[in-house]
Structure formats: structure tokens, C-alpha cells
Amino acid sequence: MEAKKGNEYKKNKETIFSAIQPSGAMTLGNYLGAIKNWSELQENYKCIFALADLHTITVRQNPENFRKNTIELYALLLACGINPEKSLFFIQSHVHTHSELAWILDCYTQFGELSRMTQFKDKSKKYTDNINAGLFSYPALMAADILLYGADLIPVGEDQKQHVELTRNIAQRFNGIYGETFVVPEAFIPKTGARIMSLQNPKSKMSKSELNPNACIFLTDSQDTIIKKFKRAVTDSGTQVKFTPEEKTGINNLMNIYSTFENKTFDEIEKEFEGKGYGVFKTAVAESVIANLLPIQEKFKEYISDKEYLQKKYRQSAITALEISENTLKRAKEKIGFIVN
Ligand code: TYM
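Before going into details, it helps to say that this report is about the structure given with it.

Rules of the game
- Residues numbered from 1 in each chain as written.
- Predicted model: local features only at pLDDT ≥ 70, side-chain atom pairs only at ≥ 80, totals over all residues.
- Heavy atoms only, no water.
- Helix = DSSP H or I, 4+ residues; strand = E, 2+ residues; numbered from the N terminus.
- Expected span 1.5 Å × (residues − 1).
- Bend = angle between axes of the 7 residues up to and from the residue.
- 1 Å grid on protein atoms, 1.4 Å probe; cavity = no way out; pocket = protein on both sides within 12 Å on 5 of 7 lines; lining within 4 Å.
- Points joined across faces, edges and corners; volume = space filled by probe spheres on them.
- Nonpolar A, V, L, I, M, F, W, Y, C, P; charged D, E, K, R; others polar.
- Disulfide = S-S within 2.5 Å.
- Buried < 20%, exposed > 50% of the residue type's maximum accessible area, 1.4 Å probe, protein only.
- Near = heavy atom within 4 Å.
- Polar contact = N/O pair within 3.5 Å; in protein donor to acceptor, adjacent residues only side chain to side chain.
- Areas by Shrake-Rupley, 256 points an atom, 1.4 Å probe, with all protein chains shown as cover.
- Phe/Tyr/Trp six-rings, centres within 6.5 Å; stacked < 30°, edge-to-face > 60°.
- Lys NZ or Arg CZ within 6 Å of the ring centre and 35° of its normal.

**Overview of helix 12 (residues 277-304)**
Along an α-helix, residues three or four apart share an orientation, since each turn contains 3.6 residues.
(1) Moving on: Helix length check: helix 12 (28 residues) gives 40 Å between terminal C-alpha atoms against 40 Å at 1.5 Å per residue, within 8%.
(2) Moving on: Largest kink in helix 12: about 35°, centred on L293, with the proline P295 one to four residues after it.

Right under this line is the structure:
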């Protein structure tokens, strides 16, 4: 199949861009905060998605695991409903314009702005022996990802909102100097599921890098593992399934997960589990998660066994992504005064 030309790609629709790092198996947080929405948005938007593998090397990777994680995540996203016939879905490092615009944007991003990024502060505390320049300038690469495609909306979880805000500032600054060049994007954060917390420490977000294996549900976890992890989920000493907005309790987190999968309000959930206690509720949450993940896990097995198909899809997508992004890069370079050939 011929790659679609950039300008033929779903004309007149708003553009969505988002990405995920292949830094390990996908978590329930990634799924509910971002990926579930991506597949729903494909119906009404021109969607562009990427595996942000250039971002991943800001933390040292084992080469073999890195390759395996990348291909598995590509297959898993297809299993989650990302349809390469409807959306562009490529691997970031296959499209060289990302690194090139990132360097340019580095020169339009202030040291002070990057120093204020929560993720940089957190990661530099966590990886004290490798606080590299890439970890610091990471948001400029993320801005390049977004601005190259003229994206209007960026569906992300709560933790990436600050980076999208910085992207807006960079775009506005550049446009202010050189005239309209970049579309100024907006974060698109889901009402529920935007911040799924750790099952072991509900005050911090669920993250694949957490050391306690019970803290995090992975999309490929077996049914038994999912049940065990939910049974062990940390909750307070209460018994009533009730949402308490100002507190970051484990029960709030479980209600958030259940509400997102079952499409039920917190009021409805409170009524459903009135007088039933935490144990019954935990089992119900686990069963809901299993029922929703099972079809994804089955499709994942099919996709991952067809490497040729995966390769064909990511190669085709990279060609189209390059066509679109080269135009933006060229425009930006001309504005700056580079001799563009
Ligand atoms: P990453 O790979 O850390 O996460 C991918 C997506 O999952 C969301 N997410 C969560 N949502 C709810 N609860 C959680 N516990 C949780 N953990 C993660 C993230 O908000 C994200 O939407 N820098 C990005 C990848 C990226 C990107 C981009 C995103 C690179 N370029 C351009 C948007 C646009 C990242 O590391 O996401």
C-alpha cells in the first residue's frame, strides 16, 4: 500500500498527537490516563501517535530489553485498538525531524523553565548517577514531537500536563519572534483516569519504574496476578466504599479505576457497594480490570507473533510522518534564517 500523502491525511479535522515511552511494559495508569482515549479519539480526529523511544534513553537501557520493549509496545498498542489504517502510528527514532527540531527548540527554551519541571526534579532524585543533559532538555524534544505535526490537542495523563504547557510557551515564543509558525496545542486530559495511583502508595502515581511489583498493574499481567495485586492494595482502616475528594486514599484510587472501566459515577459505585466492605469491592475492581484487559491480551498475542506485519506498519507510518514533519521543520528553519536546500 502506498503511504498516504501528508496533506491528504483526514483533511479538515483537528489533529491529535500523543506518545508513550517504550521504557517497560504498559501500566494500567498509561492505559486509563492515555491509551484508552487514543483509540476512542481515532473516530473523530486526525490522530498521530508515536513510541517515544528517543525519550527513553534519558534513562540508561539494556539494548536487548529496549528493542524487545519497543516492539512489544507497538503490538500492545495495536491490541488496545490503535488502528494503523485510521491513525499514523510510528516509532519516533525512525523520523529524524524530531531530533533536529528538538535541537532548534532547545535554543528557544530557557534554563529556568526546564529547571522547574516536576518530572526532571523527580527523575534527577531517582537516577542520581545519571542526571544527563537529555533528561533536562527532554521537554524540548516533546515539544518538537507535538509542534512538527501542527497538533491541536494532546491527550495525556495529568503528569504530562506541565510539559504540554511548556510546549505552548515555546510555540508562542517562537511565533512571537518570527510570526505564526507553530500551532499552539492544548492538553486533553480525561475526566476520570488521568492520575492512577500506586496500589501500594496511593499518594504517588502508578509508575512502571516503581520497585514494589505489587504497586503496579501491567497490561499483560495474568488474571491471578491482577487479583493478588488488588487484594493487597493498600487502603485505610475504614470499611465504607466512599469517595473523599481531598484525600488521596487507596479507595479513591480503586473507585477511579472502577469508574473509568465501568462507566459509573462515584455515587453509583457507593450505592452498589453500600454495606459490603473493602474486600468485596477490591474483588469487583479486579474482575472488572480482568474482563477489560482479556480481549487486549488475546489480540496482543496475535500481533506480537506477526513481526512482519508490525514492521510493515511502522515503516509505512514513518514515511508519512517524515513527509508531514519535514514541511514544518523547513518552515521553521526558513523563519530562523537557515539557508534551506
Ligand atoms: P509516559 O510514557 O510516561 O506515559 C504515557 C502516557 O500515560 C500517562 N500516564 C498516566 N496516566 C494516568 N495515571 C498514571 N499513573 C499515568 N502514568 C502515565 C502519561 O500522562 C502519558 O500520557 N513524555 C511522555 C511521552 C511523550 C509525549 C510526547 C506525550 C513524548 N512525546 C508528545 C505527548 C506528546 C511520557 O513519558 O509518557
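**Remarks on empty space enclosed by the protein**
(1) Moving on: This model, assessed by the stated rule, comprises two cavities of 30 Å³ or more.
(2) Moving on: Here the second largest cavity is characterised by a volume of approximately 50 Å³.
(3) Moving on: In this structure, the second largest cavity is lined by Q119, F120, K123, L135, F136, Y138, P139 and H163.
(4) Moving on: In terms of residue count, the dominant contributor to the lining of the second largest cavity is helix 7 (residues 133-147) (four residues).
(5) Moving on: When the residues that make up the lining of the second largest cavity are grouped by side-chain class, the tally is five nonpolar, two polar and one charged.

**Overview of the state of the cysteines**
One covalent bond between the sulfur atoms of two cysteine residues makes up a disulfide.
(1) Moving on: Using the criterion set out here, one finds zero disulfides in the structure.
(2) Moving on: Unpaired in this structure, C80 has its nearest cysteine sulfur neighbour in C216, at a distance of 14 Å.
(3) Moving on: When its relative accessible area of 2% is taken as the criterion, C216 is described as buried.

**Considerations on the site of the ligand**
(1) Moving on: Q21, Y138, D145, D159 and I196 are the nearest of the 26 residues found near the ligand.
(2) Moving on: Interatomic distance of 2.4 Å between a side-chain N/O atom of D159 and an oxygen atom of the ligand.
(3) Moving on: A distance of 3.0 Å separates a nitrogen atom of the ligand from a polar backbone atom of M206.
(4) Moving on: For the ligand, whose free accessible area comes to 710 Å², the fraction covered by protein is 96%.
(5) Moving on: Where the shell around the ligand is concerned, the elements lending two or more residues are strand 1 (15-20), helix 1 (28-41) and helix 7.

**Some details on the packing of aromatic side chains**
(1) Moving on: In the structure shown here, the tally under the stated rule is 18 aromatic pairs.
(2) Moving on: Between F174 and F182, the ring centres sit 4.9 Å apart and the planes meet at 55°, which makes this aromatic pair tilted.
(3) Moving on: Residue class for F182 comes out buried when judged on its relative accessible area of 3%.
(4) Moving on: Look at F243 and F266: their rings are 4.0 Å apart centre to centre, the planes differ by 10°, and that puts the pair in the stacked class. On the criterion of sequence distance, the pair formed by F243 in the loop between helix 9 (223-231) and helix 10 (250-262) and F266 in helix 11 (residues 266-272) is long-range, its members being 23 residues apart.
(5) Moving on: Of the residues examined, F243 reaches a relative accessible area of 24% and is grouped as partly exposed.
(6) Moving on: Overall, F266 belongs to the partly exposed group, its relative accessible area being 23%.
(7) Moving on: Through a chain of ring-to-ring contacts, three or more aromatic side chains come together here, namely Y108, F174, Y178 and F182.
(8) Moving on: Residue placement shows K333 over the ring face of F338; its charged tip is 5.7 Å from the ring centre.

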